[in-house]
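Each chain, written out:
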Amino acid sequence: MSQPILSARDLVKTFGTGHTQVRAVDGISLDLGPGELVTITGPSGSGKTTLVSILGALLRPDEGSVTIAGQDITAMGEAALSALRARTIGFVFQSFNLLDALNVRDNVLFPAHLAPGGTRDAAGRADALLDRLGLGARKQALPATLSGGEKQRTAIARALVNQPRLIIADEPTGNLDSHSGQEVMMVLHDIARDQGCSVLIVTHDQRIEEVADRILWLEDGTLRDRKAEPRALARDPVCNMLVDKELSANFADHEGRRYHFCSKRCHQRFEADPQAYAAQGALAAETERNPT
Amino acid sequence: MLNWAFREMLLAPQQLFASVAAVAGALLLVLFFEGVFAGESDQIVALIDKTDADVWVMQKGVGNMHMSTSFVADWKVDAVAEVEGVARTTPILYMNSAVEASGRSWFSYVVGIELDNPRVGPWEMVQGARFPAPGGAVVPEIFASDAGLKLGDTIRIAGTYFRVDGFSGDTFSMANSINFVGMDDLADVMGTLGVVSYILVDAEPGVSAQALAERIIAEVEAVNALPRDIFVARDYSIAVQMGLNIVWIMTLIGGALAVLLTGFVVYSHVTERERELAVMKALGVRDRAIYAAVSAQALTIGGLAFAMALALMAMAIPLAAEFAPKISLAITTEAVLRAGVTALVVSLISAVIPVRRILSVDPVSAFQQ
C-alpha cells in the first residue's frame, strides 16, 4: 500500500469507571490508503461511532495515535483539529444533517468558508459537484423540500467541496430507499476510484460491501478483516440475530453443538440458562429448514 | 456563519417578529418614560422659551424659575431699562400655586402680566381673550376641559376667585400648567407691594444677551441676569433631574426585561439548533465562530427592536397629543442614545447567556440519529 491517508495505531477508548467501565475501542490499528473504500460493520454497541469519531478527529483516544494525511492528530489542539477537519476530512451522516436555513448550494459551500481559498475558489467546484450528483436544478431548494436521496447527495457534495483526502460516512444509506441507497453507494465508490479519496464507511448495508475494497468487522471494541464472500451464518439463540460464524468471537458448545452469539451479553444470558436457549435455537433452526 | 445566522432567523419570520416586538416593547418603556420626562421638562420651560426675551432679570441668588421664588423691587425695572443696550423691559409677577375648579386642583405657574403690555402672554389661544381683564384669568384649555369650565366660569387661585376669560393652548402638562392673570390682581393674592418677580429684557439690535446680562448685574444692585438660553437650560436641567432617578429605574427595568427576552430567544435558538451546531463543529467550525453568529443574532434582534421602539415612539407622540393631551411626550437625543446603548448592552449580555450551551455541544452527537 502507498503512504496511507489514515493510520491508526493501538487505539483505546474507555467510558465509565469500575464495574460499569466499557472499553468501546480496544487496541484497534488500521491503515487506509488513497482510493481505498473500506467498510466497518458490526452489531449495535460494538463501538463503531466511537471509532469513527476518533478517526474523524472528533474524539481523543485514551491511548494510541491517529495520523491523517501525515499529521499526527493525537497531540493537536482544538483549533488545529477543527482546521484539519475542515480541510482534510469530509463527513457524511446517516441523518444527512443539512443546515435547514441554507439552500442546497449554500449548504455545499458551507465548509468552503473554513478552507483557505474560501467560497470564491469553491463556487465552481460546488456547481460542478451538484451537476455531477444530479442536483443542478435544485441548487436554490431548501433542504425541507428535498427527497432523502437528494439530501444525501447534497451532503456528499458538501463533504467533497473542500477536496478532502478522507471521507468518513456513517450509515450513508441508512435512511434511504433501495434506489437512493444504490445511487449513494455508487457515488461513494466513484469518489474513491476517481478522486483517490480514502473512504471509510460505517454501514449495515450489505450492498456497500459489494463495492468495498475491504470489509472490517467491529465487535466488542476490536476490529477484524472479513472477506466479502458469502458467509456461514448462524442464528443467535438468545436474540435471534444472524451472526457470522467465522467472525463471531462469542460462541459456546452445549450438548455437542456450537452456538454463536452477537455479543457478550447474549453469550452470558445463554450461559445462565443454556437448556432453555438451546431448545429455542433448535426450534428456530428446524423452522428455517422446514418453513412450511 | 453570518449568512447562516441571518437566514436561520428568517426561517421563522413570525418568531423573529414576535421576538423583536417583545424586546421593542421593553425598550419602549425606556423611551416612553424618558419621553414623558422630556415632554414635561419642555412644558416646564415653555414660558421662558416661548416668551423670547433676550435676558431675564431676577432676585440676586436666584437662578431658576421652576420651584423658585424671586422678588425684585419695582424701581429696578426702570434701572434695568437705563442700562446701555436695553431696548425694552417687561415685569411679571409669578407664583407657584394650586388652581382649583369644580372640586379639582392643579399645580400651576400663575403669571401676573401687565394688562396694557402685550409683551408677555399665552402664545397659543383656543378660545376667548388672550389677555384677561381685571379679575379674569386665561387658563389652559385642557385644564378647562377637564374641569368642565366655560368662559365666564370661576376658578380659585390661593383662595381668590377669578373669572375665566380665555382658554390657552400648549400651556398644560401633567407636572404643571400656566395661568395668566393681571399683575395687580396677583399682587393682591400674594400680598406684595412694590415688587415684581422677573424683568424680561429685550436687547437693542446687535447687543449680545450675555454681555447685556453681565452689564445689568454690574449696574443694577442685587439682581441676577441670565440670557434666555441659559435660563431655559438651567430650568430644563432641574426638571430633568427631578425625573432622572425614575428614568434610570425604568431604563434598568426595561433593560432587564429586554435582556430576559433577548436572552431567552437566543438561548432557544441555540437549543433548537443544537444538532446543527454539532454538525458545524464536526465540519470544522470553531466555538468562537458559532459564538460570533449567535452574537450577530442577538445584535440583530436588539437593533431591529431599537428601530421598532423608535418608530413606535415617533407614532406615539402625535397619538398622545390627539388622544391623551395631558401627556407631553418628546424624543430627545439623550433618550435615543440611552435606548440605543441599552439595546447594545442587552444584545451583548444576551449573547453571553448561551455560551456554556454552545461550548457543551459535542460534535460527536452529529453521528447520532
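The rules behind each value
Along each chain, residues carry numbers from 1 onward, in the same order as the chain's sequence is written. Each chain is given a letter, starting from A, and each ligand a number, starting from 1, according to the order in which they appear as written. Restriction of local features to residues with pLDDT of at least 70 applies here, the model being predicted, together with a cutoff of 80 or more for giving and counting side-chain atom pairs; totals for whole chains, interfaces and linings are based on all residues. Where side-chain values are given, they derive from all heavy atoms of the structure, hydrogens and water being excluded. A run of DSSP states H or I qualifies as a helix once it reaches four residues; a run of E qualifies as a strand once it reaches two. Both are numbered from the N-terminal end. The classification of residues rests on relative accessible area computed with a 1.4 Å probe and restricted to protein chains. Under 20% of the type maximum is buried, over 50% is exposed, and intermediate values are partly exposed. What makes two residues a contact is simply this: any of their non-hydrogen atoms within 4.5 Å. Here, Shrake-Rupley sampling with a 1.4 Å probe gives the accessible areas, and only protein chains in the shown set may cover a residue. Here a helix's expected span is defined as the number of its residues, less one, multiplied by 1.5 Å. Here the bend at a residue is taken as the angle between two axes, fitted respectively to the seven residues that end there and the seven that start there. Note on aromatic contacts: the rings of Phe and Tyr and the six-membered ring of Trp form a pair at centre separations within 6.5 Å, being stacked when their planes are under 30 degrees apart, edge-to-face when over 60 apart, and tilted otherwise. Among buried residues, those of type Ala, Val, Leu, Ile, Met, Phe, Trp, Tyr and Cys that are joined through side-chain atoms within 4.5 Å constitute a nonpolar core. Strands are treated as partners if at least two bridges between them are detected by DSSP. The predictor reports its confidence for every residue as pLDDT, a score running from 0 up to 100. A patch consists of residues whose relative accessible area exceeds 30% and which take part in no salt bridge; residues with like charges are grouped when within 9 Å of each other, and nonpolar side chains (Val, Leu, Ile, Met, Phe, Trp, Tyr) when within 5 Å. Only one rule defines a salt bridge in this text: a Lys or Arg side-chain nitrogen within 4 Å of an Asp or Glu carboxyl oxygen. A fitted line through C-alpha atoms represents every axis, and for helices the fit uses only the stretch in contact; the resulting angles, taken between N-to-C directions, go from 0 to 180 degrees. Note on angle classes: values under 35 degrees are labelled roughly parallel, values over 145 roughly antiparallel, values of 65 to 115 roughly perpendicular, and the remainder oblique. If you view the pair so one helix is near and one far, a crossing is left-handed when the near helix is turned anticlockwise from the far one by less than a right angle, and right-handed when it is turned clockwise. For any pair of parts, buried area is found by adding up, for both, the accessible area (1.4 Å probe) each one loses once the two are put together. Polar contact is defined as a pair of N or O atoms within 3.5 Å, subject to the rule that within protein one atom must be able to donate a hydrogen and the other to accept it, and that residues adjacent in sequence are counted only when both atoms are side-chain atoms.

### Thoughts on the overall build of chain A
What chain A contains, in helices and strands, is nine helices and 14 strands. For chain A, the residues scored as buried account for 52% of the 292 residues in total. In chain A, 65% of the contacts between residues at least 6 apart in sequence involve partners at least 24 apart. Just so you have it, chain A exposes about 13,000 Å², and 48% of that area is on carbon and sulfur atoms.

### Quick word on helix H4 (residues 118-132) of chain A
Residue and element names in this part refer to chain A. Compared with the 21 Å implied by 1.5 Å per residue over 15 residues, the 21 Å span of H4 between its first and last C-alpha is a close match. Along H4, the sharpest change in direction is near 30° and occurs at Gly 124. Residues of H4 that are buried make contact with helix H3 (104-109) and helix H5 (148-160). Looking one or two residues beyond H4, the residue adopting positive phi is Gly 134, at roughly 75°.

### Brief notes about the packing of aromatic side chains
For the coordinates displayed, the defined rule picks out ten aromatic pairs over all chains. With 4.9 Å between their ring centres and 50° between their planes, Phe 261 of chain A and Phe 270 of chain A make a pair best called tilted. Ring centres 5.3 Å apart and planes at 45° place the aromatic pair Trp 56 of chain B and Phe 231 of chain B in the tilted group. Taken as a pair, Trp 56 of chain B in strand S1 (residues 55-59) and Phe 231 of chain B in helix H8 (residues 228-272) lie far apart in primary sequence, 175 residues in all. In textbook terms, an aromatic cluster arises when at least three aromatic residues are bridged by ring pairs, as seen for Trp 56, Tyr 94, Tyr 109, Tyr 198 and Phe 231 of chain B.

### Concerning the nonpolar core
Counting 57 residues, the largest nonpolar core has Leu 6, Leu 51, Leu 55, Phe 110, Ile 168 and Leu 200 of chain A together with Trp 4 of chain B as the members making the most contacts within it. The leading source of residues in this core is helix H9 (residues 274-283) of chain B, at six residues. Not counting residues within four places of it along the chain, the set of residues in contact with Ile 168 of chain A comprises Val 52, Leu 55, Gly 56, Ile 89, Gly 90, Phe 91, Val 92 and Leu 200 of chain A together with Phe 367 of chain B.

### Remarks on the pairing of strand S9 (residues 214-219) of chain A
All names here are of chain A. Buried residues dominate S9, accounting for five of its six residues. Here strand S3 (residues 37-41) pairs with S9 via four bridges, running parallel. Bridge pairing in S9 places Thr 41 opposite Trp 217.

### Points about the confidence of the model for chain B
On average, chain B scores 88 in pLDDT, and the residues at 70 or more come to 99%. In the predicted complex, the global pTM is 0.67; the interface-specific ipTM is 0.73.

### Some points on a nonpolar patch on the surface
Residues and elements named next belong to chain B. On the surface, Tyr 267, Val 341, Val 345, Ile 349 and Ile 353 cluster together into a nonpolar patch covering about 400 Å² of accessible area. It is helix H11 (residues 333-352) that provides the largest number of residues to the nonpolar patch, a total of three residues. Along the chain, Val 345 turns up in helix H11.

### Details of the packing of helix H2 (residues 13-44) of chain B against H11 of chain B
Residue and element names in this part refer to chain B. At their nearest, the axes of H2 and H11 sit 9 Å apart, and the two run at 160° to each other. In this view, H2 runs roughly antiparallel relative to H11, as classed from their interaxial angle. Considering how the two elements wind past one another, H2 and H11 form a crossing that is right-handed. Residue-level inspection shows Leu 27, Val 30, Leu 31 and Glu 34 of H2 in contact with H11, the latter providing Glu 334, Ala 335, Val 336, Arg 338, Ala 339, Thr 342 and Ala 343.

### A word on the environment of Ala 38 of chain B
Residues and elements named next belong to chain B. Checked against the element boundaries, Ala 38 lands in helix H2. Sequence separation between Ala 38 and Leu 329 is 291 residues; the distance between their C-alpha atoms is 6.8 Å. The contact partners of Ala 38, leaving out residues within four places of it in the chain, are Tyr 236, Ala 330 and Thr 332.

### Thoughts on the interface of chain A and chain B
Contacts between the two partners involve 28 residues from chain A and, on the opposite side, 23 residues from chain B. Buried surface at the junction of chain A and chain B, summed over both partners, amounts to about 2,300 Å²; 64% is from carbon and sulfur atoms. Here chain A is connected to chain B by two salt bridges. Between the two partners, chain A and chain B, sit seven residue pairs in polar contact (both at pLDDT 80 or more). Contributing elements (two or more residues each) for the side of chain A that touches chain B: helix H1 (48-55), helix H2 (78-88) and strand S7 (166-170) of chain A. For the side of chain A that touches chain B, the element with the most residues is H2 of chain A, which contributes four residues.

### Concerning unusual backbone geometry
Residues and elements named next belong to chain A. Positive phi values are uncommon outside glycine, yet Gln 163 reaches one of about 50°. Examined against the element boundaries, Gln 163 turns out to sit in the loop between H5 and S7. We classify Gln 163 as exposed; its relative accessible area is 54%. We note that Glu 171 has phi near 45°; this positive angle belongs to a residue other than glycine.

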